[in-house]
Amino acid sequence: MKNFNKLLYLVPFGLLVACTANNDTAGNTTEIENAIAIRLFEDGSPAANVRYQVLPSWYVADTTETGAVNYTYEGKTDTNGWVHIDGHQNGSYTINFTKGDSSIVLQYTLNNLNHEYTLDSASLEAAGTVKGLVDLPDSANYAWVAVQGVNTIVKTDSLGQFVIQKAPCGNVTVSAWDSDELSAIGETSASVTSNDTIDLGLIENPNKVIPENAIRFMPSDLISDWMRPLSFPTVLVLRLTEENFDFSKAEKDGSDIRLYDGSNNLIPFEIDGWDTTINSATLNIRVESAADTVRPWMLMWGDKKAKKIEDVKVWEGLSDSLVKALNSVEILNFESGTKYNALPAPLNNKFDWYVQPHDSATVKNDLNKDPTKGIEKADSSIFGKNVLHVQYSADKLGRYVVIGTRIAEHAHDLSRLDSVEVWIKGSGDFEVVLETIVESDTNYKTSYKESVNKEWTRVVAKPEDFGAPDNKSYHGWEVTRNKITRFTIFVYNGTDVWIDNVRMYGINLDDLL
């Protein structure tokens, strides 16, 4: 890296000499002198005697002599916080102001068309932190990672992970270098903010050879905020659609699918639905430890001779609470006593639940205007503190009351749904309905019909339990499954219904986002 830096220093100097030597008419022209003027503040006041260092923006710190740096310019701000550099060289530069744990970097370019750079409002900020992952070459045990234009460089671990402490605030370019050949692996840009940690993700190696029928991605792409903190072992879900996968090049049952970790080891998974009629598939992936999520994974397909790998028991050994969190979503529970459904963050407090009488049906207590009036104390400890009680009249053909909620902003594919669970009691008949209500679109709908009992009953409706299409209002599960936006319960032929603890199994929150 030392020799590499010396070579970089020679490039602009050589250009400068060449331009000067070949200017035969220099004595007959008026040269415009380059200059910069920057005023620095700290907590709103001019920052005096703050150290600054200027380096070419392409500069990469020396791995062997980080203390011996030939700065293009260096010094301190004056008593009014100003830095003035006259007679500045042409080129693109980075100026780094530092004072204790505070810093700021600025970039500027001076050339024959732009001779001045002025800024009167720069501000020192507490330094930030930058972390990420370098896509290591197969032969490398680690890489060097540098903030360009600043004398900062760190070494990754054997997995390619790195952390840059006290990173200067501002826009920076981070470069990664092969530890053996000192060749560039890649670079990325980021905006470092005060007292914050910026995750750059993967700095990709463009020289990595990726097979034609393959997808390379970071496991962290499958980890949503609602899943944190992670508990291991765990299960991550990879959803394949026509947007990220070409189903025509894979076997119709997904038997040729293989998933490899960063060390080219097979990763166990199960196929939770593979449907080429709607180009949708889901893989449930078993992850044993956090280390397995650090390096990129590769999904491969297209080997006509490949035999389907037997599904593994991906959920085996996971706690009941973790399986429930990763493999189900609660829709309604009325515990909050508010108009909002029970969907967790980030969908919490986003969608109302409602009670709507139709075709001359009626409800007591004006629940159609304020459904929360139907919330009452639970009569059994298994339901928490609240349940919903709807008193209604819908005793003629075509009259019914709808209790429902939107569960997503747009249509979602819930093909891998295992079942819908509803606790219910009362009199009359009911339907569990999954439907699509989107403006200027068909109201797709599928229904499970049953009668209400006087005792609390746990109703479980599986996809195969939903009724066949009737060519009128109901389209059936196969047509509706990838268009669902709402959950509803229709009640009729009775006078009372109590409902609580509505949950969908076989999906998770990401299926609704």
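Residues numbered from 1 in each chain as written. Predicted model: local features only at pLDDT ≥ 70, side-chain atom pairs only at ≥ 80, totals over all residues. Heavy atoms only, no water.

1. Re the packing of aromatic side chains
Stage number 1. Across all of its chains, the model carries 14 aromatic pairs by this definition.
Stage number 2. Ring plane angle 75° and centroid distance 5.4 Å describe the contact between Phe383 and Trp423, whose orientation is recorded as edge-to-face. Pair noted here: Phe383 is in the loop between β26 (375–377) and β27 (386–393) and Trp423 is in strand β29 (residues 419–426), with a separation of 40 residues, a long-range link. In this pair, the class of Phe383 matches that of Trp423, namely buried.
Stage number 3. Judged by centre distance (5.0 Å) and plane angle (5°), the ring pair of Tyr400 and Phe490 falls under stacked. With Tyr400 in strand β28 (residues 400–406) and Phe490 in strand β33 (residues 486–492), the pair connects residues that are 90 residues apart, well separated along the chain.
Stage number 4. The exposure class of Tyr400 is partly exposed, given its relative accessible area of 22%.
Stage number 5. Three or more aromatic residues link up through ring pairs in this structure, and these residues are Phe245, Phe247, Trp274 and Trp301.
Stage number 6. The aromatic ring of Tyr142 is capped on one face by Lys155, whose charged end is 4.1 Å from the ring centroid. (Phe/Tyr/Trp six-rings, centres within 6.5 Å; stacked < 30°, edge-to-face > 60°. Helix = DSSP H or I, 4+ residues; strand = E, 2+ residues; numbered from the N terminus. Buried < 20%, exposed > 50% of the residue type's maximum accessible area, 1.4 Å probe, protein only. Lys NZ or Arg CZ within 6 Å of the ring centre and 35° of its normal.)

2. Side note on the environment of Asp366
Stage number 1. Checked against the element boundaries, Asp366 lands in the loop between β25 (362–363) and β26.
Stage number 2. Taking the C-alpha atoms as reference, Asp366 lies 47 Å from Ile271; in sequence the two are 95 residues apart.

3. Section: the sheet that holds strand β4 (residues 73–76)
To summarise the sheet geometry, strands pair through backbone hydrogen bonds and adopt either a parallel or an antiparallel arrangement.
Stage number 1. Strand order in the open sheet formed by five strands is β4-β3-β6-β7-β9, and the pairing between neighbours is antiparallel. Here the strands that pair on one side only, and so sit at the sheet edges, are β4 and β9 (125–126).
Stage number 2. Across two bridges, strand β7 (residues 102–110) lies against β9 in antiparallel orientation. For Ser103, the partnering residue across the bridge sits in β9 and is Glu125. (Pairing = 2+ DSSP bridges.)

4. Considerations on the sheet that holds β33
Stage number 1. Taken together, the five strands give an open sheet; going across it, the order is β24-β28-β33-β30-β31, and neighbouring strands pair in antiparallel fashion. Two strands bound the open sheet, and with one partner strand each, they are β24 (353–358) and β31 (445–451). In this sheet, adjacent strand axes meet at a mean angle of 20° when their direction is disregarded.
Stage number 2. Across six bridges, the pairing between β28 and β33 is antiparallel. Across the sheet, Ile403 pairs through a bridge with Ile489, a residue of β33. (Axes fitted to C-alpha atoms, helices over the stretch in contact; angles between N-to-C directions.)

5. Regarding the pattern of salt bridges
Stage number 1. The final tally for this structure, using the stated rule, is 17 salt bridges.
Stage number 2. Here Arg481 and Glu478 are joined by a salt bridge, their closest N and O atoms 3.2 Å apart.
Stage number 3. Taking relative accessible area as the criterion, Glu478 reaches 53% and is therefore assigned exposed. (Salt bridge = Lys/Arg side-chain N within 4 Å of Asp/Glu carboxyl O.)

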